[in-house]
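Next come the chains, spelled out residue by residue.
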Amino acid sequence: MSTALQISTSGSTQIWTINLADAGNAITEPGFVSGLEAAVDNANGDNTIRAVILTGAGKIFSAGGNVKEMADRRGMFGLDALDQRRAYIDGIQRVPRALSRLEVPLIAAVNGPAIGAGCDLAMMCDLRVASEKASFAESFVQLGLIPGDGGTWFLPRAVGYERAAEMTLTGDRVDAATALAWGMVSRVVPHDELLSAATELTARITKNPPHALRMAKRLLQESRTGSLESTLGMAAAMQPLAHRDDEHEQRIAKWRTS
């Protein structure tokens, strides 16, 4: 697994750390993309994992793309238009596709600036806890670009259309306090308490049965794009499986004696 994404495990929670501080934790790095895909597949296949925390090494969550490579026209940024289109599909767009198939809850611990594709990466997570030093910017237009990684799909679902439009069309930065007021993050904590706050949140999640957690997350994902009928149909199919899970039986038995 790539060193661009460091993985540690504590109980039933994994911590994924973007380990590219010298490159602003840029998520366009090939090693990060392949490492993330492998981490998703590993977590999906391990029923002992019930939640994941995603954070960045150093002082920044993620600067998104590698602007220096853009300026130097290196890597994918030196390709012609048709090849660059393919490079987006085969590169950074693999990130939202990978995270969309992650079965366990994903919590972003935003330790600093989340800029451009880094902001979008945070929005791809199920929940976000922010350090007081965190900030968010959908800054693509300030470089004459557009969100090429699905940001226009994720951001409106996190903050609503009008606030997403303001962020996308101005590129302006939003501080942690504003992000909290807008519902972009669930809480803001002192910087030194960020990981402990994220871990406390995952503890409240991971105390619940793993199969129920994975199915509940899948239903939440379905509700983003599916109809009421499709969500109800999926719930009707999943619930009988939950009823026959051993942990459900244990929880019911405990409830009876409490």
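Refer to the preceding data block for the structure.
Chains are numbered independently. Their residues run from 1 in the order of the written sequence. Side-chain atom pairs in this predicted model are given and counted only at pLDDT of 80 or more, local residue features only at pLDDT of at least 70, and totals for whole chains, interfaces and linings cover all residues. Where side-chain values are given, they derive from all heavy atoms of the structure, hydrogens and water being excluded.

Draft legend 1. Quick peek at helix α6 (residues 151-159). For every residue, the accessible area (1.4 Å probe, protein chains only) is compared with the maximum for its type, and the residue is labelled buried under 20%, exposed over 50%, or partly exposed between those bounds. Secondary structure follows DSSP: runs of H or I at least 4 residues long count as helices, runs of E at least 2 residues long count as strands, and numbering of each begins at the N terminus. Among all positions of α6, only Gly-151, Phe-154, Leu-155, Ala-158 and Val-159 are buried. End-on view of α6: buried residues confined to an arc of 105 degrees, all on one side of the axis. Check the buried side of α6 and you find it contacts α4 (94-100), α5 (117-123), β6 (127-131), α7 (161-170) and α10 (210-225). Once α6 ends, the next one or two residues include Gly-160, with phi positive near 90 degrees. The arc in question is traced by the directions running from the helix axis to the C-beta atoms. Whether two residues are in contact is decided by their heavy atoms, any of which lying within 4.5 Å being enough.

Draft legend 2. Up close: the pairing of strand β3 (residues 51-56). Most of β3 sits out of view: 6 of its 6 residues are buried. By the alternation rule, side chains of β3 split into Ala-51, Ile-53 and Thr-55 and Val-52, Leu-54 and Gly-56, which are all buried. Where strand β2 (residues 13-18) and β3 come together, 6 bridges link them in parallel fashion. Residue Gln-14 lies in a different strand from β3, and its bridge partner there is Val-52. The definition of a right-handed crossover adopted here requires that, viewed with the strands pointing away, the path from the first strand over the helix to the second runs clockwise. With helix α1 (residues 30-44) bridging β2 and its parallel neighbour β3, the resulting β-α-β unit is right-handed. Strand pairing is defined by DSSP finding a minimum of two bridges between the two strands. Direction of pairing for β3 relative to strand β4 (residues 106-110): parallel, over a ladder of 3 bridges. For Val-52, the partnering residue across the bridge sits in β4 and is Leu-106.

Draft legend 3. Structural view of the sheet that holds strand β7 (residues 135-137). Read across the open sheet, the 3 strands follow the order β5-β7-β8; overall the sheet is mixed. Of all strands in the sheet, those bounded by a partner on one side alone are β5 (113-115) and β8 (173-175). The sheet shows a mean angle of 15 degrees between the axes of neighbouring strands, direction not considered. Pairing between β7 and β8: 3 bridges, direction antiparallel. When the bridges of β8 are listed, Ala-137 appears paired with Arg-173. Inter-axis angles, ranging from 0 to 180 degrees, are taken between N-to-C directions of lines fitted to C-alpha atoms, where helices are fitted over the stretch in contact.

Draft legend 4. Layout of the nonpolar core. Here the nonpolar core consists of buried residues drawn from Ala, Val, Leu, Ile, Met, Phe, Trp, Tyr and Cys, with membership extended through side-chain atoms lying within 4.5 Å. With 48 residues, the main nonpolar core has Trp-16, Phe-32, Leu-54, Leu-99, Val-110, Leu-121 and Phe-136 as its most contacted residues. Top element by residues in this core is α1. It accounts for 6 residues. Beyond its immediate sequence surroundings of up to four residues, Leu-54 is in contact with Leu-5, Trp-16, Ile-18, Phe-61, Leu-106, Ile-107, Ala-108, Ala-109, Leu-121 and Cys-125. By size, the runner-up hydrophobic cluster in this structure holds 13 residues, among which are Ala-51, Ile-107, Leu-194 and Leu-213.

Draft legend 5. Region of the structure containing the environment of Arg-101. Mapped onto the elements of the fold, Arg-101 is located in the loop between α4 and β4. The class of Arg-101 is partly exposed, set by a relative accessible area of 36%. On a C-alpha basis, the gap between Arg-101 and Asp-90 in space is 17 Å, while along the polypeptide they are 11 residues apart.

Note that all results are geometric; they support no functional claim without further evidence.
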